[in-house]
Every structure is written in structure tokens, then in C-alpha cells.
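Structural overview for review
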Amino acid sequence: MTQNSFKTLQEALFLSLEEKLIDDEEFAVLYEEFTPQNLPFRHWDYEKFCLENKDPAECKADFRFQKSDISLLVDVLQMPDTFTCPNGTVCDSTEGLCVILKRFSYPCRLSDMISTFGRSVPELSMISNEVTEWMYNVHGHRITEWNHFIMSPNLLQTYSEAIHVKGAALENCFGFVDGTVRPISKPGVNKRAVYNGHKRVHALKFQSLALPND
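This structure is a prediction, so every number in the text was calculated from the model and none was measured.

1. Focus: the overall build of the protein chain
The secondary structure content of the protein chain amounts to 8 helices and 5 strands. Starting at the N terminus and walking to the C terminus, you meet the elements of the protein chain as α-α-α-α-β-β-α-α-α-α-β-β-β. Overall, the protein chain is about 85 × 45 × 30 Å in size when its C-alpha atoms are taken along their principal axes. A fraction of 54% describes how many contacts in the protein chain between residues 6 or more apart in sequence connect residues 24 or more apart. In the form shown here, the protein chain has an accessible surface area of approximately 15,100 Å², with 53% of it arising from carbon and sulfur atoms.

Right, here's the structure in full:
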């Protein structure tokens, strides 16, 4: 149910109470039942997303890709023309890609994305999930195969030799660990498991291995 639907029902409840069609107790129960769980962000005040209207600098800041590269990514990933969410929400491939690029580019809440896409929080959540699931189902096995290839013994030897030639003291170093700490709310249980002593916050830490094969 949309925010406008909830608002219409709430106005009808106030009118029914004023006309004494329902009593105070019935009003309280019904009003709580038809109060949306999501905060009433006015997403309809913003224009619908259109990549053509985005400034190149905004694209780089929001999505970490050049504006001209977005359409290239859509083609390379062989994305479908549209994505349809379980509730019927539809978005095209360009918007779907931009949603997940924005979502994963840096820590942000779904509500922070409303002004960019002109969509409600539930819509942005479903689009993000739909496109992410498609990416995993379609390209997940390819990523696994690629990881096996780039981590083969022969290539690891090539990486270590390249690093040593550049002046590294070790002859068996083939990559560099890079990590990102994402702060989270203090959990109710297992606090120690997610506490980061270096940053002094509760957080999830994502680590990756950077290889010299660019």
C-alpha cells in the first residue's frame, strides 16, 4: 500500500470519528493499523531518474563511474531491458544498475537515495535486491571461474616476481590486502564479535586482495 493510500484511509478515519460513525477506541485501533511502517518521505517531490539529466560530475560522485561508462556496463553485463519486482515495480536496466552502484558505492541509507531516483524506500529496496540477485544468478559462476583462473599457481608466481622486480624485499609476496570498515549499530548480542578495536566502533569489516595484474 502506498503512502497516498494510507493518507486517504487516515483522512477517512478522522471523518468517521467526527461523524461519530466509530468511537475513540475503534479509531485508535484502526489508525494504528493503517499507519505506514516507513517514514513518510515525500519521494513524489523529486523527478524520476534519468541518466541523461545527470551531470557527469554527479555520476562520478554517486556511482563511481563516468557517465559515458554506465551504458557500456549495461551492455557488457548483458542486462535485460527491464527488471520487475515481486510487487510489480518496474525499472529499466540503466536505473537498476545505478541503484546498486549508488547503494554499494559508500555507506548510505535507502532514504538518502530518494532525491536521486524519485522513488520510495520500499521501491529502492526491492529494485536493489532484484538487480543484485540477478547479478549473482547470472554472473556469480563466471566470477568464481575467473577467481580460480587468476589465483592459479603459475599466475601467483608471475605476480610475486613482478612485485619483487619493483623493489619488494620478499620474493613470495603476490598481493596486498585492502580492507574497509563499515560501522553498524551496537548489536544486542555478540557485541565482542563485531567490535573493531582499532576504529573503536562496532562494525563489519570487508577485506579484499589486490593483485598486480592490471
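2. A few points about the environment of Asn87
Inspection of the secondary structure puts Asn87 in the loop between strand 1 (82-84) and strand 2 (90-92). Considering only alpha carbons, one finds Asn87 and Lys20, 67 residues apart in sequence, at a separation of 36 Å. Looking at Asn87, its side chain comes within polar contact range of the side chain of Thr89, at 2.9 Å.

3. Points about the sheet that holds strand 3 (residues 176-183)
With respect to topology, 3 strands assemble into an open sheet ordered 3-5-4, the strand pairing being antiparallel. Each of the sheet's edge strands pairs with one partner strand only, and the pair in question is strand 3 and strand 4 (195-196). Here strand 4 runs beside strand 5 (residues 201-210); their pairing, made up of 2 bridges, is antiparallel. Looking across to strand 5, one finds that Asn196 is bridged to Val201.

4. Regarding the pattern of salt bridges
Using the criterion set out here, one finds 4 salt bridges in the structure. With a closest N to O distance of 2.7 Å, Glu95 and Arg119 form a salt bridge. In this pair, Glu95 is assigned in helix 5 (residues 93-105) and Arg119 in the loop between helix 6 (114-117) and helix 7 (121-150), connecting sequence segments 24 residues apart. Counted as one network, the salt bridges with shared partners bring together Lys54, Asp62 and Lys102.

5. Brief notes about the side chain of Thr116
Looking at the element boundaries, Thr116 is found in helix 6. Ignoring anything within four residues of it in the chain, the contact list for Thr116 reads Phe49, Lys54, Asp62, Phe63 and Lys102.

Criteria and cut-off values
- Residues numbered from 1 in each chain as written.
- Predicted model: local features only at pLDDT ≥ 70, side-chain atom pairs only at ≥ 80, totals over all residues.
- Heavy atoms only, no water.
- Helix = DSSP H or I, 4+ residues; strand = E, 2+ residues; numbered from the N terminus.
- Contact = heavy atoms within 4.5 Å.
- Areas by Shrake-Rupley, 256 points an atom, 1.4 Å probe, with all protein chains shown as cover.
- Polar contact = N/O pair within 3.5 Å; in protein donor to acceptor, adjacent residues only side chain to side chain.
- Pairing = 2+ DSSP bridges.
- Salt bridge = Lys/Arg side-chain N within 4 Å of Asp/Glu carboxyl O.

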